Amino acid sequence: MSLPDGVERRPFDGHDRLATRGEPVYGEPTDGPWRLWDAGRSKLGATLELGLDTGLVGGESVLYLGAASGTTVSHVADFCGPTYAVEFAPRPARDLVDVAAGRPNLVPLLKDARTPETYAHVVESDIDVVVQDVATRGQARVAVRNRQFLREGGHLLAAIKARSEDVTREPAAVFEDVLDELRGAYRIVETARLDRFHDDHLAVVARPRT
Ligand code: SAM
């Protein structure tokens, strides 16, 4: 699986690790213009590290749902085009605004991803990729509601956290329910457990149903 343009494997501490080019954000090690993209701190990083075909080539427009303080979305903005970052919690959103200050293509939005109509006037309607990591109950619903932004041929990259849906159930059963709900709006292309880096998480690559 090839990495997107702008993402490379670089030697850090004697190991080849994912890296992007940009200003450091969270104290990550750097090597010249490159900064380590830690798969242990990023579900999308883990998805790339595990070799899933994310369909990312670099330069895409991205709608990122669940941006938190900007750890992962800062890497995304390093190699993608316009990157709209939705986060509804004010505290991490403040950090996100700081991260965006040095990245002109990163647009922070203090919004609730369950109500896309509140940011539809800002976000382009032909987005290439929706990246989702909201870790909250109703993850499939969030993805279904935000499908409207994807252009024809675009795709969804979601990280589903089982324990956010139901801490008492087996993750595999939770994932099946989430995938079933997603299938109402998307065709599932590939899934993979991210447990090597993130316990009880499932990566999902999906394309909107036409
Ligand atoms: N994606 C981040 C990263 O890798 O740097 C980490 C995201 S953290 C696991 C999940 C984030 O989603 C939290 O900051 C939470 O506040 C946010 N979130 C949860 N539900 C949301 C919603 N409905 N709208 C916007 N943000 C939401």
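Preceding block: the structure.
Residues numbered from 1 in each chain as written. Predicted model: local features only at pLDDT ≥ 70, side-chain atom pairs only at ≥ 80, totals over all residues. Heavy atoms only, no water.

Peer 1: So, the pattern of salt bridges: which residues are in play, and what are the values?
Peer 2: The tally for this structure, following the rule as stated, stands at 15 salt bridges. Here aspartate 95 makes a salt bridge to arginine 91, at a shortest N to O gap of 3.2 Å. In this pair, aspartate 95 and arginine 91 are both assigned in helix 3 (residues 90–101), four residues apart and thus about one turn of the helix distant. Members of the salt-bridge network, linked through shared partners, are Glu28, Arg35, Asp78 and Arg103. (Salt bridge = Lys/Arg side-chain N within 4 Å of Asp/Glu carboxyl O. Helix = DSSP H or I, 4+ residues; strand = E, 2+ residues; numbered from the N terminus.)

Peer 1: Which residues make up the pairing of strand 8 (residues 127–132), and what values go with them?
Peer 2: Most of strand 8 is tucked away: six of the six residues are buried. Across four bridges, strand 5 (residues 62–65) lies against strand 8 in parallel orientation. Looking at strand 8, one finds that tyrosine 64 is bridged to valine 131. As paired elements, strand 8 and strand 9 (residues 150–161) share five bridges and run parallel to each other. Within strand 9, the residue paired with valine 129 across the bridge is histidine 155. As a crossover connection, the stretch from strand 8 through helix 4 (residues 139–145) into strand 9 is right-handed. (Buried < 20%, exposed > 50% of the residue type's maximum accessible area, 1.4 Å probe, protein only. Pairing = 2+ DSSP bridges. Right-handed = clockwise from strand over helix to strand, strands pointing away.)

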